[in-house]
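This is what each chain is made of:
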Amino acid sequence: MIKGLLCFFSMLLSISILSGCWSNQELPDLALVSAIGIDLSEDGEFVNTIQVINPGNVAGEGIQNTGGSESPPVSTYTEHGYNMTEAQRRISKKVSRELYYAHTNLLVIGEKLAEERGIQEIFDALERDNEFRTTTKVVVAQDAKAEEIIKTLTSIDKIPANKVIKTLRSTERIWGENINLETRGLLQKLISPGTSPVISCFRAPGDEEKGEAIEGIQETQPPFRLQASGLALFKDGKLIHTVNGDTSKGILWVLDKIKETGVSLDWKQNKEAIVYEVIRQKTSVSAQVKNNQPKISVEVSAEGDIGETAVPIDLRKPHVLKDLEGLVEKEIKENLLSSIKKTQELQTDVLGFGEAVHRADSEAWKEMKENWNDEYFPEVEVDVKVHAFIRRTGLRNKPFLMDF
């Protein structure tokens, strides 16, 4: 009898605990947000733009054609507010479904917001939201509003947010002028006293109105195309400068973020006649503190192949390869030194030298950290060493140009 009662009460307790799908949400009731854009209005309000996936227009081949009318794969909604929560919740007046942020993979920050108000405030609301992922990628809209980036349709990738994310991933791996940064990595940089964040920029040159129209992506050369465009440098949470080309690549060399890239070399009187393709590299940054004066050492080890020669040069000769390795080392070193000098002029330690000093001498760092960016970092001595090795010369050692 007692055993029977115990079993009965155990079953009742299990029913109360295993309450089933009490918090289930059906897909037809949800608006899946793929990207968020945040701008600053002239009145100082946040302007939030969201990119919502139209599931019926994403599934299947191309753009759906229903009843003779074409529909885009995403819809965008914009609202404003004096704080992030207000701006986000106001969008519910325009959307018939509950906004669902668990699939948000991209955050676009407007240039005006990043420069004037900074980015620290916006992340408080986002980080508190249990749906918002810390793996969300972050970019800055260069020479544009975040709203323009969010509203632009793309031709190859149906969902524009995926276009930005895939482009970042691809160009970071192949070319090395951009960084594929997640929200959690950005937050770590913001709270660390020994470094400042760098964020990839995206721009959309062309006709903005055509970029939002479905007809634009039906052309072989869209009139408004999203493209990566360098790095945004921050100090105290605010955007202070953007860099492109070799400067952005040099910064990523120091940060050990270069995966692959190309290094063009001059050969005798021929400019950029040979290309060294980096296939792997490792950068280490260390620091020493003597008499309260820090010194930074940056050491780069690069390995690569010869990707192209536009001059008659015999790559079978060891001394030729040795000379080329010396040219590679010189080119990379000059790139790093010029990029380091630029960040010192801007007085923002995006290179993480402060963290290296902290690791080397925590007691000395306590005295330096308050004035690191403005006093110590601009004057710190930096020693750069580069070691390059040519692994392969491709399928041809003797260029056919030597036969002419």
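Residues numbered from 1 in each chain as written. Predicted model: local features only at pLDDT ≥ 70, side-chain atom pairs only at ≥ 80, totals over all residues. Heavy atoms only, no water.

Draft legend 1. Molecular detail of the sheet that holds strand S15 (residues 381-392). Strand order in the open sheet formed by four strands is S12-S13-S14-S15, with mixed pairing between adjacent strands. Sheet topology places strand S12 (261-267) and S15 at the edges, where each strand pairs with a single neighbour. Each strand of the sheet is rotated relative to its neighbour by a mean of 35°, with strand direction disregarded. Of the strand pairs in this sheet, strand S14 (residues 293-309) and S15 are connected by eleven bridges, and their pairing is parallel. Note on S15: the bridge partner recorded for Glu 303 is Phe 389. On top of the sheet, helix H11 (residues 318-346) reaches S12, strand S13 (270-290), S14 and S15; it is set at about 145° to S15, its chief contact. (Pairing = 2+ DSSP bridges. Helix = DSSP H or I, 4+ residues; strand = E, 2+ residues; numbered from the N terminus. Axes fitted to C-alpha atoms, helices over the stretch in contact; angles between N-to-C directions. Contact = heavy atoms within 4.5 Å.)

Draft legend 2. A look at the pairing of S12. Side-chain alternation along S12 places Thr 261, Val 263, Leu 265 and Trp 267 on a buried face and Gly 262, Ser 264 and Asp 266 on a face that remains uncovered. Direction of pairing for S12 relative to S13: antiparallel, over a ladder of six bridges. Within the sheet, the bridge partner assigned to Ser 264 lies in S13 and is Val 275. Connecting S12 to the antiparallel partner S13 that follows it, the hairpin turn spans two residues, and Lys 268 within it adopts a positive phi of roughly 60°. (Buried < 20%, exposed > 50% of the residue type's maximum accessible area, 1.4 Å probe, protein only.)

Draft legend 3. Region of interest: the side chain of Ser 200. Within the secondary structure, Ser 200 sits in strand S9 (residues 198-203). In this structure the side chain of Ser 200 is engaged in a polar contact, spanning 2.7 Å, whose partner is the backbone oxygen of Ile 179. If sequence neighbours within four positions are ignored, Ser 200 has contacts with Val 139, Val 140, Leu 168, Asn 178, Ile 179, Gly 230 and Leu 231. (Polar contact = N/O pair within 3.5 Å; in protein donor to acceptor, adjacent residues only side chain to side chain.)

Draft legend 4. View of the environment of Lys 322. Along the chain, Lys 322 falls in helix H11. Separated by 68 residues in sequence, Lys 322 and Ile 390 place their C-alpha atoms 8.5 Å apart.

Draft legend 5. Examining the packing of helix H10 (residues 245-254) against H11 more closely. Between H10 and H11, the least distance of the axes is 8 Å, while the angle of their chain directions is 95°. Between H10 and H11, the angle is such that the two are roughly perpendicular. Residues Asp 246, Thr 247, Lys 249, Gly 250, Ile 251, Trp 253 and Val 254 of H10 pack against Ile 332, Asn 335, Leu 336, Ser 339, Ile 340, Lys 342 and Thr 343 of H11. Considering only residue class, the contact of H10 with H11 consists of six nonpolar, five polar and three charged. (Parallel < 35°, antiparallel > 145°, perpendicular 65-115°, else oblique. Nonpolar A, V, L, I, M, F, W, Y, C, P; charged D, E, K, R; others polar.)

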